[in-house]
Structures are given as C-alpha cells and as structure tokens.
Amino acid sequence: MSAQRPSLFALFCRHRWLATLRSRIERHPRGFYLLCLAVLCERWAAAILSSSLVFMLCQNYGHSRGEALRLCGLYNAASYFLTLPGGFAIDRILGARRSLSAGMVLLTCGYAALTIPSALWLSAPLLLLGHALFKPSSQVVMALLYERHDRRLDGAQIAVYLVINVAVTAGSVCAGLLSGSLDFRAAFTLAAAVLLVGTLAVFLGKSVLRLRHKQLSPSVSAPMPPLTLSSRQRVQRIAALTLAMLLFAVGFGQVEGSLLLWARDRTDRLLLGFEIPAAWFVGLPALLVLLFAPAQLVLLPRLQQTTTTPRLIAWGLVAVALAFAVLLPPALLLPAQRVSMLWLLASMTLLVTGELLISPLGLSLLLRLAPPRFVGVVLGVWYVAGALGCWL
C-alpha cells in the first residue's frame, strides 16, 4: 500500500520560505507582540478617522471641500509636531510605559467623543494629546524591549511596519462600509471600541513591556558589535537620519499629490474593460508593503551579514529618487498621451522599496544612536521631519 501523499496545505507549511518567516516572527520577546497589538488598534482607529474626516467636516459641520482639506492637513501636521513636546514629557516626566497607556486612554476618549454631535471641539484636543504621547512612546517601549545592539530590532521594526499597513487597510475598509450615510457615529464607535481593546490589553499586560535579560537561543543571530561613537558622531548620524526621513517624506508625500494626478491624467487605467479609479492608486503602496515586508523579514539576516544599516538606508534614498526618474521617459517622449499603468506601478514599487529601507531601519538605527535620556525627544524630531517633508 503506497504511503499517503501530503496535502497541498502541508507542503505549503513545510516551504522553507514560510518556515523562515515564522522563525523570524516567533523569536521576539512577549512584550513585542503586545506592542504590535497596541499599534494595530491605534492605526486601525486612525485610518477610520482619516478616511472619514473630510466627509464629516463637509457634511456635518458645513465646511467647503477646500476648508475641510486645510483643516485635515492642519490636524495631521499638529499630531506630528506635538510629538516633540510629547517626547520631552516621556523622557522627563511620565516614562515610556505610562505614556503609552495615557496616550491610548486619551485616544479612546477622543474617538468616543466623536460619536457625540457637535463635540469636535472636545475630541480634537484629546486626539492630538493622545497622538503626541502614543507615537514616540511606542518606539521608546521598543527600545526597552531590546538591547541596543540586538539584531532582532531591525526585524521588529519591519514587523511593526507590516502591522501598521494591515491596520490602515482594515481601517479604510471599515470606514468605507460604515460611513455610507451622513451619520459617522458607527465608524467612530468602532474606532473607540478598537482603541478600548488595545488599551485594556496594555493595562493588563504592561509588565511585559520591559527588557528581560534572557539567554538567546542558538537560532538567534549574535548581537551586533557596539557602536563606538563619540557624542559628536552620534549627533551627526542622528542628523543624517533625520535628513533622510525628510527627503523620503518629500517623495512619499507625492503619492497623494503629483502621482495621484499622474494616475488621473496620464495613465491608461482601462483593465479588461473596467476603468480603475485613480484614487485606488493611493492605496497601492500599502498593498505593496504587505507583499514586500515578509520577504524583507526573511532576507534581513543575510543583508545584515553583507552590508550595514546606514548603507541600506542610503540605497532606500536611491530607490526613492529612481521612483520619479522612471517616469521621465514617458513624460518627455510621450507628453500628450496616456501611458501604461506599468510605469506608475514601477514608480510605486521603487517608492515602497525605499520606504521599507528607510522608515523601519532608520527608526531602529535611531534607537541605537539616541542617548537613553533623550530617546523621546529624538523620536519627536524624527516625526517632525516626516511632517515637514509631507508639507513640502
């Protein structure tokens, strides 16, 4: 009697690539998974708000479309600029874990306030204060979970970035399903409920959000050699990373600007008789991150053996520059014609490649370089640089 052949599912689970990805995810400290849950809930709720805010301001508060867009831009800028004083409060007053909990409580109250008619004046300050604490504190907690020269920190940042994009996708879908009428209370009720789940999880499991000294298993890569840099060299590298974030944000901000206009005016969007809406291309980078980030997690240890993190970040900036250079041939040679979607797809692919090399790896290197007493402030400067880049 012949042996039973393994199922397709069993063959898939035994695949070397999937097994490697699973090992990359399972070897992190327990507090990392709780932090991922907190980030998932926060970004999910934020995506619901960002997908609904313009429509709510127009329909419920009587603002014109231009006024609503300006108010949304002001809100987004303020949420990032306030991370600088928020980071100072984390370093000097509250501490990372307390700030994370306080930020989530403020955000939960802010989204709950949005369900009350005409309570935008109450919800906006709560949400801004919540973001001011949550954004930097989540990264300071990350610094508490890993030794500064732990190789797993890079992979942890990439995994968090993957979680963020899953949450953004889920939040946008939920907003679309729940905001069909003029009443947005269902969408904001869901946002508050999601934040409440994350807040309760953080309160119940906050004891694991700290560094626990354990003997690493043989499967875990050896720690990186310490960075023997003077204070001046550290400041120079932090400044270089901040500049890289600024330049990246200038390019990535074009997804909702010039690249969206390219999709609308210069791209042949017909596919099998269906015209793809130009707005769908705004969500393409998030989809590409979901496709590329797992592969990056698998390849990261090999990359760490052959090159350095600063060099990977530099290659990320090159990819961002090439994302716009690839559109030059159709722009110059076919100035009055619509061109294939493949040109825009190539541009977006290079842009996301740069994103995955700069944003998560830049944050992990920043956590290694920042003085322990000023991690929150340095992270605030990083987020402010990103806000300035998007504004430019």
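Going by the structure above, here's the rest.
Residues numbered from 1 in each chain as written. Predicted model: local features only at pLDDT ≥ 70, side-chain atom pairs only at ≥ 80, totals over all residues. Heavy atoms only, no water.

Caption draft 1: Looking closely at the overall build of the protein. Secondary structure assignment for the protein yields 16 helices and 2 strands. Out of the 392 residues in the protein, the part that is buried amounts to 46%. Of the roughly 20100 Å² of accessible surface on the protein, a fraction of 69% belongs to carbon and sulfur atoms. (Helix = DSSP H or I, 4+ residues; strand = E, 2+ residues; numbered from the N terminus. Buried < 20%, exposed > 50% of the residue type's maximum accessible area, 1.4 Å probe, protein only. Areas by Shrake-Rupley, 256 points an atom, 1.4 Å probe, with all protein chains shown as cover.)

Caption draft 2: View of helix α12 (residues 284–306). Taking 1.5 Å of rise per residue, 23 residues should cover 33 Å, and α12 covers 30 Å from first to last C-alpha, within 8% of that figure. Maximal helix bending in α12 amounts to about 50 degrees, located at Leu 299; proline Pro 301 follows within four positions. (Expected span 1.5 Å × (residues − 1). Bend = angle between axes of the 7 residues up to and from the residue.)

Caption draft 3: Spotlight on the packing of aromatic side chains. Under the counting rule described, the total for this entry stands at 5 aromatic pairs. Between Tyr 80 and Tyr 383, the ring centres sit 6.2 Å apart and the planes meet at 45 degrees, which makes this aromatic pair tilted. Note that Tyr 80 is positioned in helix α4 (residues 65–81) and Tyr 383 in helix α16 (residues 375–391), a separation of 303 residues in sequence. The rings of Phe 32, Tyr 33 and Tyr 146 are connected pair by pair, giving a single aromatic cluster. The ring of Tyr 80 is capped by Lys 135, whose NZ or CZ atom sits 4.5 Å from the centre of that ring. Over the aromatic face of Trp 262 sits the side chain of Arg 266, whose NZ or CZ is 4.8 Å from the ring centroid. (Phe/Tyr/Trp six-rings, centres within 6.5 Å; stacked < 30°, edge-to-face > 60°. Lys NZ or Arg CZ within 6 Å of the ring centre and 35° of its normal.)

Caption draft 4: Region of interest: α16. For α16, built from 17 residues, the straight-helix expectation of 24 Å at 1.5 Å per residue is met to within 8% by its first-to-last C-alpha distance of 25 Å. With respect to burial, α16 is a largely interior element, 12 of its 17 residues being buried. Within α16, the full set of buried residues consists of Val 375, Gly 376, Val 378, Leu 379, Gly 380, Trp 382, Tyr 383, Val 384, Ala 385, Gly 386, Ala 387 and Gly 389. Buried residues belonging to α16 abut α4, α5 (83–94), α7 (120–145), α10 (231–252) and α15 (341–369). (Contact = heavy atoms within 4.5 Å.)

Caption draft 5: Structural view of the environment of Leu 361. Along the chain, Leu 361 falls in helix α15. We classify Leu 361 as buried; its relative accessible area is 1%. With near-sequence residues (within four places) excluded, Leu 361 lies in contact with Asp 154, Ile 158, Gln 296, Leu 300, Thr 309, Leu 312, Ile 313 and Leu 356.

Caption draft 6: Seen up close, the nonpolar core. In terms of nonpolar packing, the biggest core is built from 95 residues, with Phe 32, Leu 49, Tyr 111, Met 142, Phe 281, Met 348 and Leu 379 touching the most fellow members. Take this core: its biggest share by element is 14 residues, from α15. Contact partners of Phe 32, with chain neighbours within four places excluded, come to Met 142, Leu 145, Tyr 146, Ala 156, Ala 159 and Val 160. (Core = buried A, V, L, I, M, F, W, Y, C linked by side-chain atoms within 4.5 Å.)

That's the geometry; what it means functionally is another story.
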